[in-house]
Amino acid sequence: MKLPVNYKVQEGELEGKVVLVTGANRGFGLAITMDLAKAGATVIMLGRDLGSLEYAYDAVVDAGYKEPILYPLDLEGATPENYQELQDNILDKFKKLDGLIHNAAILGTQMPIDQYDIKLWYSTLQINLSAPFMLTQFLIPALMKSDDARILFLSSTVGRKARAYWGAYSVSKFGIEGFAKTLSEELEKTQITVNTINPGKIRTEMRRTAYPAEDASSVPRPEEKSSVIVYLLSNKGSKINGEQLTIVE
Ligand SMILES: NC(=O)c1ccc[n+]([C@@H]2O[C@H](COP(=O)([O-])OP(=O)(O)OC[C@H]3O[C@@H](n4cnc5c(N)ncnc54)[C@H](OP(=O)(O)O)[C@@H]3O)[C@@H](O)[C@H]2O)c1
């Protein structure tokens, strides 16, 4: 299923909603955060580094959007106790969660499998696949308390079609696709929808690392693609479930 890039965010359309975004301090995660906050949602900005989260917080508040909440957590080392604490904090403060956007990821390295760095393989699978599993498991109780909740996983072209040398990153995104499908079947009879979304190319640090020779000016900026996430979180997205979504360019 393809989605339009040019959705126009209506101020206040997500008023009262609480949405957690991982990797919210920069790149696509920050652009998503800005649009959600513009639409009136309270965004729980999860990132591993408090300093860069604070910098991103200033950008949201200076733009005049809804004040976000900062939640520093390193998804590589986070334990079940850390996720339990996050669940407790969300339920204490908000009583519910309306959206969970799994955006944080690392690229790993681009190498043939027979040379792939084993430690980096584990780190990539941990951040890109196992952390989203744990975060989801611990936040389902809060999502169950929303009238109309969304779980969205950022995927990739190489999570749907294999490409040589993309190693653990590609495998983690194939894993995310399988995980999301399984979860959407399990939650079929609930008010929680589950989808993956391939954003296509976006001008971020990850893209620059993957394609160092590319002319960056030909690649869309994160804020040119993020508004569709508001569309999916709004009531217009409530019937979209179990899909592999793609943002068309
Ligand atoms: N850019 C593209 O062209 C493209 C294409 C297809 C799919 N995607 C997907 O879109 C999503 C966003 O990508 P992007 O381009 O914005 O990437 P990016 O610029 O590299 O940003 C990645 C984000 O993930 C966070 N992160 C990484 N490791 C973390 C950890 N251990 N704990 C917590 N946060 C962590 C980073 O935080 P730090 O600042 O602390 O590193 C950063 O906020 C990813 O899922 C990516 O796979 C991107």
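Thresholds, definitions, all that
Numbers given to residues run from 1 along each chain, matching the order in which its sequence is written. Under the rules for a predicted model, residues below a pLDDT of 70 receive no local features and side-chain atom pairs below 80 are neither given nor counted, while totals for whole chains, interfaces and linings still include all residues. The basis for every side-chain value is the complete set of non-hydrogen atoms in the structure, without hydrogens or water. Elements are defined by DSSP. Helices are runs of H or I of four residues or more, strands are runs of E of two residues or more, and each kind is numbered from the N terminus. Throughout, exposure labels follow a simple rule: accessible area from a 1.4 Å probe, protein chains only, divided by the maximum for the residue type, with under 20% read as buried, over 50% as exposed, and the rest as partly exposed. Contacts described as polar in this section are N or O atom pairs within 3.5 Å, which, within protein, must combine one atom able to donate a hydrogen with one able to accept it, while residues neighboring in sequence count only if both atoms come from side chains. DSSP calls a pair of strands paired once it identifies at least 2 bridges connecting them. We call two residues in contact when some of their heavy atoms are within 4.5 Å. Working convention: axes come from line fits to C-alpha atoms, limited for helices to the stretch in contact. Angles between N-to-C directions cover 0 to 180 degrees. Stacked, tilted and edge-to-face pairs are distinguished by plane angle, under 30 degrees for stacked and over 60 for edge-to-face with tilted covering the rest, among Phe, Tyr and Trp rings (Trp via its six-membered ring) whose centres lie within 6.5 Å.

Novice: I would appreciate a short explanation of the environment of Asp215 in the present structure.
Specialist: Relative to the elements of secondary structure, Asp215 occurs in the loop between α6 (205–210) and α7 (227–233). Asp215 sits in the partly exposed class, given a relative accessible area of 49%. On a C-alpha basis, the gap between Asp215 and Val171 in space is 27 Å, while along the polypeptide they are 44 residues apart. Reaching out from Asp215, the side chain makes a polar contact with the side chain of Ser217 at a distance of 2.8 Å.

Novice: Sorry if this is basic, but what is going on with the sheet that holds strand β6 (residues 149–154) here?
Specialist: Sheets are built from strands paired through backbone hydrogen bonds, the pairs being either parallel or antiparallel. An order of β1-β8-β7-β6-β5-β2-β3-β4 is seen for the eight strands of this open sheet, with the pairing classed as parallel. Looking at strand neighbours, the two that pair on one side only are β1 (2–3) and β4 (69–72), the edges of this open sheet. Across the sheet, helix α2 (residues 50–62) is in contact with β3 (42–47) and β4; its angle to β4 comes to roughly 165°.

Novice: Even after reading the chapter, I still don't get the packing of aromatic side chains, so can you show me in this structure?
Specialist: Here the distance between the centres and the angle between the planes together describe a pair of aromatic rings. Under the criterion given, the structure shown has seven aromatic pairs. Considering the side-chain rings of Tyr116 and Trp121, the 5.5 Å spacing of their centres and the 90° angle between planes classify their relative orientation as edge-to-face. Among the residues examined, Tyr116 registers a relative accessible area of 8% and is labelled buried. Taken together, a centroid distance of 5.6 Å and an interplanar angle of 85° make the contact between Phe153 and Phe179 edge-to-face. Of this pair, Phe153 sits in strand β6 while Phe179 sits in helix α5 (residues 167–186), and the two are 26 residues apart along the sequence. Accessibility expressed as a relative area gives 21% for Phe179, which makes it partly exposed. By way of ring pairs, the aromatic residues Phe133, Phe153 and Phe179 are connected into one cluster.

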